[in-house]
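Each chain, written out:
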Amino acid sequence: MSIDTASRQDYMQCEGSLLKRTVRATHNHIVHVMTLFWTYLVLPLLQAVQSVLLFVANITVMPLFALIQKSPAYPVLLEFFTEHRGWVLVGTVLPLSFLFDHYFRVRNWYYRHFLSAPHLHDVRVREVQRQVCAWNEAGRQKPMVTARPPWLAMSLRVESFKESCEKIKINLHDILEVDTARMTVRCEPLVDMGQITRHLIPMGYALSVMIEMDDLTVGGLLMGVGVEVSSHIYGFLSETVVAYEVVLGDGSLVRCTREENADLFHALPWSHGTLGFLVAAELKIVPVKPYVHVKYIPCHTQDEYANKLSLITHAPNTPEFVEATIYSRETAVIFTGDFSDGPPASQKHKINHVGRWWKPWFYKHVESFLEKGEDEEWIPLRQYYHRHTRSIFWELREVIPFCNAWWYRWVFGWLGAPKIAFIKLTSTPAVREASVYSHVVQDLVVPLTELKNAVNLYDDAFDVYPLLFYPVRIYKQDDGYQGMLHTPRNLRTAEDGRQYEMYCDLGVYGVPPKVKNKQPWDAIAEVRRIEKFARDVNGYQLLYADCFMTRDEFETVSMCPAHRAAQ
Ligand SMILES: Cc1cc2nc3c(=O)[nH]c(=O)nc-3n(C[C@H](O)[C@H](O)[C@H](O)COP(=O)(O)OP(=O)(O)OC[C@H]3O[C@@H](n4cnc5c(N)ncnc54)[C@H](O)[C@@H]3O)c2cc1C
Ligand SMILES: NC(=O)C1=CN([C@@H]2O[C@H](COP(=O)(O)OP(=O)(O)OC[C@H]3O[C@@H](n4cnc5c(N)ncnc54)[C@H](OP(=O)(O)O)[C@@H]3O)[C@@H](O)[C@H]2O)C=CC1
Ligand SMILES: CC(C)=CCC[C@@H](C)[C@H]1CC[C@@]2(C)C3=C(CC[C@]12C)[C@@]1(C)CC[C@H](O)C(C)(C)[C@@H]1CC3
């Protein structure tokens, strides 16, 4: 039986209410009719039209384009798109992002209510297995990668290497099951963080490590790395995984947990797709409340913020969320959060809807406490989880330079943040070059005891502020499989008896003042300096950013210890 027939029958047989079954059946009939219509009518027609258009283009547009490319106007045009990128983005990418987001919201609602079922997941997984088996049968000609186009990924890179690889389509976008008895959610890898908060919060739950940016996917965060402001309790997102389901190179489907296939379970985080295709993951969830009670603690010396952060993160009653934004070498605002039902009646005015479109960017709001002094407020939960989404942390100012003006928020704010995928898609080569050589985007995960050294090094190398600070526990794995992570050194014992060392993620995003002032600044040398620092202190560089290590240097950090020992 072909996958196509199997999937149609599986769709029909799904359990559910009469309405759901009717919608599913109608959906499948429509898809079936559309497929026939598409294959036998639309495609041949399109091909004919395409041939005519190509012919016309070949004799008109192509020569015209070649002329433009050769003419003196071409560099001017490219320069226009690079120079006035802010306005070009506001006119194109912003409305497109708005439409795309709304389309997906409706699509997800429809799938969640009518089509999503674990039963269908199995059919989709069989399709991944079929592709891998076909690759084996064809003699494993090229390396396999996911077919996800590089511009959709949340990294700085445009991974051209994918073009020469065998692309495996992983069409797995759905939340499969929320198990409130085991406190887990089972997700397909392309489920994104925005989708999870929209699904889980109305049910009264969230991931224990709920990642901030809407478009980051479960697969990307688990095969790469996911860290957030509750990581000082739970560790990286991968630490909260109960089970992975993976399709291996021979096409087999394996499930791994801490007990079953434990070596693979620990090797998957940070493996970046090199071990197999993730097709589902079960993650731990926590109960939530409608608000987060946030306390802002401004600090005016480096010792003050370093000491307070160490005290707060190690305290037995540490808050659920701990974050800091560092505004200069000496100043920072620490903000902690706990789930709350809302303020007492006398404090209702302290509810702050930070996610509303006309509100100041969150990092600007936090900065204001350096002047105002210590304070507290209540933020609606989903708005708290996505507090940096509207301003892409503080990177929107680099893409749309006038975004910090109040009128921008009032006139364009309702369109939301431009989608990173679309910004990437519309970047000219000059923009990409500038993002490597005149712009810094880096995150290092280093022991918390190294915070002051790390800030001083960033200050010297980049002088870019604010800096992002998330604390994160790195656990020593009880069964000896440490995966790509080193065994932490200065161990403390957690409430459940497990051992860990407190690390922190320090992020730097922006244009160094030296570049702005047209002074010499060597991006590669400076980034290599911080990479060396990370290696020296038993730390890591997040690999969504540009990495300039040599292969040998890279392997001292990112190779599985067992593999290293075997060499
Ligand atoms: C299910 C499965 C089965 C496989 N089976 C086999 C097998 O039987 N035999 C075999 O030889 N291999 C196999 N592979 C491995 C596949 O060939 C590997 O993905 C690849 O060989 C690893 O090579 P690489 O280190 O060059 O990484 P790539 O596959 O090229 O990429 C791995 C990671 O590195 C990053 N990356 C790679 N190049 C760059 C770059 N230039 N710039 C920035 N980032 C980059 C990517 O983002 C990606 O996350 C399998 C892979 C999968 C997923
Ligand atoms: N707060 C945080 O933690 C933040 C994290 N990030 C980074 O962003 C990245 C996530 O971005 P996102 O766009 O979602 O993911 P990406 O598409 O960038 O994927 C990241 C890596 O995971 C691999 N991968 C993705 N899906 C699968 C799968 N189903 N099976 C096997 N491998 C897979 C990709 O392999 P392939 O190349 O073959 O597609 C790639 O190497 C992470 O690397 C993370 O470190 C960024 C911002 C914030
Ligand atoms: C661990 C944590 C909190 C990470 C936060 C990472 C974000 C700040 C990163 C993720 C994706 C990211 C690298 C991106 C960019 C900025 C920094 C981002 C948003 C931008 C928008 C910078 C401008 C660039 O021209 C380009 C459009 C390619 C990238 C896209 C990805």
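Scroll up a little and you will see the structure.
The rules we used
Residues numbered from 1 in each chain as written. Chains lettered and ligands numbered in written order. Predicted model: local features only at pLDDT ≥ 70, side-chain atom pairs only at ≥ 80, totals over all residues. Heavy atoms only, no water. Near = heavy atom within 4 Å. Polar contact = N/O pair within 3.5 Å; in protein donor to acceptor, adjacent residues only side chain to side chain. Areas by Shrake-Rupley, 256 points an atom, 1.4 Å probe, with all protein chains shown as cover. Helix = DSSP H or I, 4+ residues; strand = E, 2+ residues; numbered from the N terminus. Nonpolar A, V, L, I, M, F, W, Y, C, P; charged D, E, K, R; others polar. Domains from an automatic or database assignment. Core = buried A, V, L, I, M, F, W, Y, C linked by side-chain atoms within 4.5 Å. Buried < 20%, exposed > 50% of the residue type's maximum accessible area, 1.4 Å probe, protein only. Patch = residues over 30% accessible without salt bridge, like charges linked within 9 Å, V, L, I, M, F, W, Y side chains within 5 Å. Salt bridge = Lys/Arg side-chain N within 4 Å of Asp/Glu carboxyl O. Lys, Arg positive; Asp, Glu negative; His and termini not counted. Charge placed at Lys NZ, Arg CZ, Asp CG, Glu CD.

A. Structural context of the site of ligand 2. Contacts to ligand 2 come from 24 residues, most closely from Thr146, Arg148, Met154, Thr217 and Val225. Between an oxygen atom of ligand 2 and a main-chain N or O atom of Val225, the distance comes to 2.8 Å. Between ligand 2 and His272 there is a distance of 3.2 Å, counted from an oxygen atom to a side-chain nitrogen or oxygen. Relative to its unbound accessible surface of 890 Å², ligand 2 loses 92% to contact with the protein. Of all the secondary structure elements, the ones that give two or more residues to the shell around ligand 2 are strand E1 (144–146), helix H9 (218–223) and strand E8 (277–287). Looking at the shell around ligand 2, the element that brings in the most residues is H9, giving four residues. Classifying every residue of the shell around ligand 2 by side-chain character gives 13 nonpolar, nine polar and two charged.

B. Molecular detail of unusual backbone geometry. Cis rather than trans, the peptide bond between Tyr465 and Pro466 has omega equal to 0 degrees. With respect to the helices and strands, the residue Pro466 is situated in the loop between helix H20 (451–461) and strand E14 (467–475). Its identity as a non-glycine residue notwithstanding, Lys518 has a phi of 55 degrees, on the positive side. Relative to the helices and strands, Lys518 resides in the loop between helix H21 (513–516) and helix H22 (523–536).

C. Fine view of the site of ligand 3. Around ligand 3, 21 residues are found, and the nearest of them are Glu395, Ile420, Ile423, Asp505 and Tyr544. Calculation on ligand 3 without its partners gives an accessible area of 650 Å², and the protein chains cover 93% of this total. Mapped by element, the contributors of at least two residues to the shell around ligand 3 are helix H18 (420–425), helix H19 (429–437), strand E13 (440–447), E14 and strand E16 (499–510). For the shell around ligand 3, the element with the highest residue contribution is H18, accounting for three residues. Broken down by class, the residue content of the shell around ligand 3 amounts to 14 nonpolar, three polar and four charged. The residue makeup of the shell around ligand 3 includes at least three contributed by each of domain 2 (121–287) and domain 4 (427–567).

D. Representation of the nonpolar core within the structure. Core analysis: the biggest nonpolar cluster contains 94 residues, and Ile196, Leu207, Leu222, Tyr244 and Tyr385 have the highest contact counts within it. Membership of the second largest hydrophobic core comes to 40 residues, among which are Leu309, Tyr475, Met502 and Phe533.

E. Quick look at a negative patch on the surface. Together, Glu259, Asp478, Asp479 and Asp496 line one region of the surface with negative charge. Tracing the sequence through the fold places Asp478 in the loop between E14 and strand E15 (492–493). Taking relative accessible area as the criterion, Asp478 reaches 64% and is therefore assigned exposed.

F. Representation of the pattern of salt bridges within the structure. For the coordinates displayed, the defined rule picks out 30 salt bridges. In this structure, the salt-bridge partner of Glu127 is Arg130, at a minimum N-O distance of 2.8 Å. Residue Glu127 and its partner Arg130 are located together in helix H7 (residues 118–137), separated by three residues, close to a single helical turn. By relative accessible area, Arg130 is classed as partly exposed at 42%. With a closest N to O distance of 2.7 Å, Asp536 and Lys532 form a salt bridge. Taken together, the residues span about one helical turn, with Asp536 and Lys532 both in helix H22 at a distance of four residues. A relative accessible area of 43% means that Lys532 is categorised as partly exposed. Here the residues in one salt-bridge network are Asp179, Arg182, Arg255, Glu260 and Glu282, joined through shared partners.

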